[in-house]
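Given next are the chains, with one letter for each unit.
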Amino acid sequence: MIGLISATAAGTVARDRLAAAWPGRTAVYEGPVREAVQRAFAECEQLVCFLATGAVVRLLAPLLSDKSSDPGVVCVDEAGRHAVALLGGHGGGANALAGAVGEVLGAAPVVTTATDAVGALGLDMLGLPVEGDVAGVSRAMLDGAPVELRADAVRPLPPLPPNVSPGAGGPAVLHVTDRIVEPGSLAAVLRPASLAVGVGASRSAPVEEVVGLIRDALDEAGLSPLSIAELVTVDAKADEPGIVAAAARFGVPLRTYAAEELARIEVPNPSGAPLAAVGTPSVAEAAALAAGGELLVPKRKSAPKGRAAMVTCAVVRRAPRGRLAVVGLGPGARDLLTPRAREELRRASVLVGLDQYVDQIRDLLRPGTTVLESGLGAEEERARTAVAEARKGHAVALIGSGDAGVYAMASPALAEAGADIDVVGVPGVTAALAAAAILGAPLGHDHVSISLSDLHTPWEVIERRVRAAAEADLIVTFYNPRSRGRDWQLPKALSILSEHREPATPVGVVRNASRPDESSRVTSLAALDPAKVDMMTVVTVGNTATREIAGRMVTPRGYRWQSAASARGGAK
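This structure is a prediction, so every number in the text was calculated from the model and none was measured.

Can you tell me about the overall build of the protein, naming the residues and giving the values?
The helix and strand inventory of the protein stands at 19 helices and 29 strands. Across its three principal axes, the protein shows a C-alpha extent of roughly 95 × 65 × 55 Å. Relative to its full complement of 572 residues, the protein shows a buried share of 46%. Considering only contacts in the protein between residues 6 or more positions apart, those separated by 24 or more positions represent 65%. Separation of charge centres in the protein, based on 57 positive and 62 negative side chains, amounts to 3 Å.

As structure tokens, this is what we get:
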């Protein structure tokens, strides 16, 4: 919950705007300010104070306990111009909260944590548990001092600064491992979620016995419990209180498998007891192996004093999986790049893309990002490169214009990608949508996009699709309409549409949609001059219901509107 506190009329107005924008997420604290801050600090994960920063500092000072547990605090000034991340920038989420508050209130977020100020990602913001001298290693990273990277495997982490690398030397060390490491001075340990723990338990097994066995097994194997990704067991134990509570204690999900599936897995230590009880000769080992990975700890039993064991466990290490994000950059304007696309660009340690698209977003990349760029005509090569980098374990972003799934990089990349990597699609604003917004509302009814480039598709197929769209009275958006070497396809396509549509049918022509040199016009099917169209242009041809109204293309959502317009004599 986010506590909201204000002291003035202007602050109260802004406070109430925020509360209305985030229903269910906020709680307004009324009354004397000191008491309101004290109550909110004790009860909420985050606070937004519509007060001067000096006043909030004095109010918070006696309440502060530990940076790992104190709530994040954001201050908004009286004029609502700035949202200042005052306390708990990383751990308390105040940096992100300042940005979110700024979006609602139109305030500029003010973030002063060192890593954010220089565009780097803090060790405590990588999404992994971190131990050791985090502040000291972070300082070395920011100062550009050599930081020795000791990683058991390549993992899909965001980019680390160039001064953090294997063999860098220097006193500072960053470990990335699931093994127990005793970090000394100037050493920190990132814990990847690499371990799956299989658990079997008798009915009503105590949670302490489950947790104790898992901790003992990991400790003897030299593994950290902070690297547990999940607990796994058989379906029949999905509601076993001790197992459910153990997963909660470790802060990980519990996943279950059908007994029939586990019974098919060959294990080193089968037993008749679980076969009789739940229908599989192994629970702990089989479930762990079903999760995928190398068996590090074979089945072992708990050893309670004075009674029989009630719990078994086994541990596997899962191989790292690379991550490929296929990112649509939109039509070109920075404000049409989605927030999700920005996040993926900053998350990627490797960026693959067409050189001119890389130039559009190079300033958004974090320091240390590896950029692999190439020129026009190398789409399949870029797709193969991106997949290969993901298979090495990296976090990869493959970029394309518009939406990456529309005449762009998603299809060649997914044709190369197998089940051995994680793939994420990030939608973008397509050229068709950007052009439509400029033209008015041409896509108000059923529509289709057709590329007129016959480099990858035989013209016979393209022509068949154009005829089908013409006969079906679909609005048509033509991509790749005309180039120096392909100057006859657009006239041919327009002639096919003319067989089914009136010469006055509105046609929208948009070049470089959303870019500084954008141009657009609305003409007609008869008046369109194909010679004024090039590869940077999108051509949208209306259907029989489309009209030009006040210089804009409008297609009604239903055909009844067309009849009504005809009765009125039309509108143009």
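That covers the picture; the talk isn't over yet.
Just give me the short version of the side chain of Thr 523, but keep the residues and values in it.
Here Thr 523 lies in strand 26 (residues 519-524). Leaving out residues up to four positions away in the same chain, Thr 523 has contacts with Thr 505, Pro 506, Val 507, Val 509 and Leu 528.

Describe the packing of aromatic side chains, naming the residues involved and giving the relevant values.
Counting across every chain of the model gives 2 aromatic pairs. Pairing Tyr 407 with Tyr 479 gives two aromatic rings, centres 4.7 Å apart and planes at 55°, and the pair type is tilted. In this pair, Tyr 407 is assigned in the loop between strand 20 (395-400) and helix 15 (410-416) and Tyr 479 in strand 24 (residues 475-479), connecting sequence segments 72 residues apart. Using a relative accessible area of 43% as the deciding quantity, one classes Tyr 407 as partly exposed. Taken together, a centroid distance of 5.0 Å and an interplanar angle of 70° make the contact between Trp 459 and Trp 488 edge-to-face. Taken together, the residues Trp 459 in helix 17 (residues 459-471) and Trp 488 in the loop between strand 24 and helix 18 (489-498) connect sequence positions 29 residues apart. Assessed through its relative accessible area of 42%, Trp 488 is described here as partly exposed. The aromatic ring of Trp 22 is capped on one face by Arg 25, whose charged end is 4.4 Å from the ring centroid.

Lay out the sheet that holds strand 3 (residues 46-50) with the relevant residues and their values.
Taking strand neighbours across the sheet as the criterion, the 6 strands line up as 2-1-3-4-5-6 in an open arrangement whose pairing is mixed. At either margin of the open sheet sits one strand with a lone partner, and together these are strand 2 (26-28) and strand 6 (108-110). When the angles between neighbouring strand axes are averaged without regard to direction, this sheet yields 25°. Pairing geometry for strand 1 (residues 2-6) and strand 2, over 3 bridges, is parallel. Bridged to Ile 2 within strand 2 is Thr 26. Sitting on the sheet, helix 2 (residues 33-43) touches strand 1, strand 3 and strand 5 (82-87), and the angle it makes with strand 1 is about 175°.

Give me the sheet that holds strand 23 (residues 447-451): which residues, what numbers.
If you trace the 5 strands from one edge of the open sheet to the other, you get 23-24-27-25-26, paired in mixed fashion. Looking at which strands have only one partner, the edges of the open sheet turn out to be strand 23 and strand 26. Pairwise comparison of adjacent strand axes, ignoring direction, gives a mean angle of 20° for this sheet. Relative to strand 26, strand 25 (residues 506-511) runs antiparallel, the two sharing 6 bridges. Note on strand 26: the bridge partner recorded for Val 507 is Thr 523. Where helix 17 meets the sheet, it contacts strand 23 and strand 24, and its direction lies at approximately 160° from that of strand 23. Sheet strands touched by helix 18: strand 24 and strand 27 (537-541). Its angle to strand 24, the strand with the most contacts, is close to 175°.

If you had to explain helix 2 to someone new, which residues and values would you point to?
Along helix 2, the residues that are buried comprise Ala 36, Val 37, Ala 40 and Phe 41. Taken end-on, helix 2 shows its buried residues confined to a sector of 130°, consistent with a single buried face. Turned more than 90 degrees off the buried face of helix 2, the exposed positions are Ala 42 and Glu 43. Buried residues in helix 2 make contact with strand 1, strand 3, helix 3 (53-60) and strand 5.

Got a sec to walk through unusual backbone geometry? Specific residues and values, please.
We note that Leu 186 has phi near 55°; this positive angle belongs to a residue other than glycine. With respect to the element layout, Leu 186 can be found in the loop between strand 10 (172-176) and strand 11 (187-190). Here Leu 186 falls in the partly exposed class, since its relative accessible area comes to 24%. At Asn 480, a position not held by glycine, the phi torsion is positive, near 45°. Relative to the helices and strands, Asn 480 is located in the loop between strand 24 and helix 18.

Got a sec to walk through the pattern of salt bridges? Specific residues and values, please.
Pairing between side chains of opposite charge can happen when the charged atoms of each approach one another. All told, the structure shown has 23 salt bridges when counted by the stated rule. In this structure, the salt-bridge partner of Arg 318 is Glu 230, at a minimum N-O distance of 3.0 Å. Here Glu 230 lies in strand 13 (residues 228-234) and Arg 318 lies in the loop between strand 16 (311-317) and strand 17 (323-328), a separation of 88 residues in the sequence. The exposure class assigned to Arg 318 is partly exposed, which follows from its relative accessible area of 22%. Lys 392 is the partner of Glu 389 in a salt bridge, and the nearest nitrogen-oxygen pair spans 3.1 Å. A network of salt bridges, in which partner residues are shared, links Arg 15, Asp 16 and Glu 30.

I'd like a rundown of the packing of helix 17 against helix 18, residues and numbers included.
Interhelical geometry of helix 17 versus helix 18 gives an angle of 30° and a closest axis separation of 9 Å. Taken together, the axes of helix 17 and helix 18 lie roughly parallel to each other. Where helix 17 crosses over helix 18, the two elements pack in a sense that is right-handed. Contact residues: Trp 459, Glu 463, Val 466, Arg 467 and Ala 470 in helix 17; Gln 489, Lys 492, Ala 493, Ile 496 and Leu 497 in helix 18. Along the lines of polarity and charge, the residues of the contact of helix 17 with helix 18 split into 6 nonpolar, 1 polar and 3 charged.

For the environment of Tyr 257, give the residues involved together with the corresponding values.
With respect to the secondary-structure elements, Tyr 257 resides in strand 14 (residues 254-257). For Tyr 257, a relative accessible area of 6% corresponds to the buried category. When the C-alpha atoms of Tyr 257 and Thr 233 are compared, they prove to be 6.4 Å apart, with 24 residues separating the residues in sequence. Contacts of Tyr 257, omitting those with residues within four sequence positions, involve Val 232, Thr 233, Val 234, Asp 235, Leu 262, Ala 287, Ala 290 and Ala 291.

Give me the lowdown on the pairing of strand 14, citing residues and values where you can.
The sheet contact formed by strand 13 and strand 14 spans 4 bridges and is parallel. Each bridged residue has a counterpart across the sheet, and for Thr 233 the counterpart in strand 14 is Thr 256. You can see the chain leave strand 13, run along helix 8 (residues 241-250) and come back into strand 14, and the turn it takes is right-handed.

Criteria and thresholds
- Residues numbered from 1 in each chain as written.
- Predicted model: local features only at pLDDT ≥ 70, side-chain atom pairs only at ≥ 80, totals over all residues.
- Heavy atoms only, no water.
- Helix = DSSP H or I, 4+ residues; strand = E, 2+ residues; numbered from the N terminus.
- Buried < 20%, exposed > 50% of the residue type's maximum accessible area, 1.4 Å probe, protein only.
- Contact = heavy atoms within 4.5 Å.
- Lys, Arg positive; Asp, Glu negative; His and termini not counted.
- Charge placed at Lys NZ, Arg CZ, Asp CG, Glu CD.
- Phe/Tyr/Trp six-rings, centres within 6.5 Å; stacked < 30°, edge-to-face > 60°.
- Lys NZ or Arg CZ within 6 Å of the ring centre and 35° of its normal.
- Pairing = 2+ DSSP bridges.
- Axes fitted to C-alpha atoms, helices over the stretch in contact; angles between N-to-C directions.
- Arc of directions from axis to C-beta.
- Salt bridge = Lys/Arg side-chain N within 4 Å of Asp/Glu carboxyl O.
- Parallel < 35°, antiparallel > 145°, perpendicular 65-115°, else oblique.
- Left-handed = near helix turned anticlockwise from the far one by under 90°.
- Nonpolar A, V, L, I, M, F, W, Y, C, P; charged D, E, K, R; others polar.
- Right-handed = clockwise from strand over helix to strand, strands pointing away.

All quantities given are derived from atomic positions and should not be read as evidence of function.
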